[in-house]
Amino acid sequence: FFFFQAEDGIRDAQESRGLGDVYKRQPVQPVFGSQPGSNASSSMTGSLQKNVSDTSIPSTSTGPQSLTIKAFDDGKLEIVFSCSKKGEDTTTIQAQFNNKSPFQITNLSFSAAVLKHLKLTMSTISSTIIPPNTIGQCTQSMKLVNSMQGKKGIVMKLKIAYQANNQQHQQELTINEFPTTY
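I will try to describe carefully the structure that is included in this document. As the structure is a prediction and not an experimental result, all values here were calculated from the model. (Residues numbered from 1 in each chain as written. Predicted model: local features only at pLDDT ≥ 70, side-chain atom pairs only at ≥ 80, totals over all residues. Heavy atoms only, no water.)

Focus on the environment of Ile-125
Within the fold, Ile-125 resides in the loop between strand S8 (118–122) and strand S9 (134–146). Accessibility expressed as a relative area gives 3% for Ile-125, which makes it buried. Spatially, the C-alpha atom of Ile-125 lies 7.2 Å from that of Cys-138, the residues being 13 residues apart in sequence. (Helix = DSSP H or I, 4+ residues; strand = E, 2+ residues; numbered from the N terminus. Buried < 20%, exposed > 50% of the residue type's maximum accessible area, 1.4 Å probe, protein only.)

Some points on the pattern of salt bridges
Overall, the coordinates contain five salt bridges when judged by the stated rule. We note a salt bridge from Asp-73 to Lys-70, for which the minimum N-O separation is 3.7 Å. Given the relative accessible area of 29%, Asp-73 is considered partly exposed. (Salt bridge = Lys/Arg side-chain N within 4 Å of Asp/Glu carboxyl O.)

What to know about the side chain of Lys-157
Within the fold, Lys-157 resides in strand S10 (residues 156–164). Of the residues examined, Lys-157 reaches a relative accessible area of 14% and is grouped as buried. In this structure the side chain of Lys-157 is engaged in a polar contact, spanning 3.2 Å, whose partner is the side chain of Glu-172. (Polar contact = N/O pair within 3.5 Å; in protein donor to acceptor, adjacent residues only side chain to side chain.)

Thoughts on the environment of Pro-179
For Pro-179, the position within the fold is in the segment after strand S11 (167–175). For Pro-179, a relative accessible area of 27% gives the class partly exposed. With 112 residues separating them in the primary sequence, Pro-179 and Leu-67 have C-alpha atoms 9.3 Å apart.

Topic: the packing of aromatic side chains
For the structure shown, the criterion picks out two aromatic pairs. Plain terms: the ring middles of Phe-81 and Phe-110 are 6.4 Å apart, the flat faces sit at 90° to each other, and that makes the pair edge-to-face. Residue Phe-81 is found in strand S5 (residues 77–85), and its partner Phe-110 is found in strand S7 (residues 105–114); the two are separated by 29 residues along the sequence. With respect to burial, Phe-81 and Phe-110 carry one shared label: buried. Centroid distance Phe-97 to Phe-110: 5.3 Å. Interplanar angle 80°. Geometry classified as edge-to-face. With Phe-97 in strand S6 (residues 90–99) and Phe-110 in strand S7, this pair connects stretches of sequence that are 13 residues apart. Across the pair, Phe-110 and Phe-97 agree in class, each one buried. Seen from the ring of Tyr-182, Lys-85 lies directly overhead, with NZ or CZ sitting 6.0 Å from the centre. (Phe/Tyr/Trp six-rings, centres within 6.5 Å; stacked < 30°, edge-to-face > 60°. Lys NZ or Arg CZ within 6 Å of the ring centre and 35° of its normal.)

Treat this as a map of the structure, not an account of what it does.
This is how it looks when you write it as structure tokens:
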């Protein structure tokens, strides 16, 4: 797996022997906002295995292949991936962060890890603050190149952290069932 978190630029890829090594070696750090050692709590609220085949909605457009995936929803924060194919081996993902709660979300951090056959490029997240009850106020673009297209699919491990109503929230999830055409 390679682990990426966008900051002021794209971080160089670091080889790993597996996801355990990645997350032991690199703690989640917010793109903006509080840094490690701040007063924000870092307790893990649990992990979640995500099967996107239950939540994916293929597009009916006649243009490039596109797909919408609800990647995460904990009742407060919802993350929706709008995926589209660009060529044989490239998938672009526009992540939209929606605040479903009556409280402002702050210190938003979003990190992703992918398998070695995938190359991930992430832009900087548009904001680490999402106003209450809003859709589309925060976005992040990603590009995945699959060097084993047709042989191995897309698998992403996500780490999400944010603060809402003076409570720190963290979640890990694995998205492991993108359609084989992606």
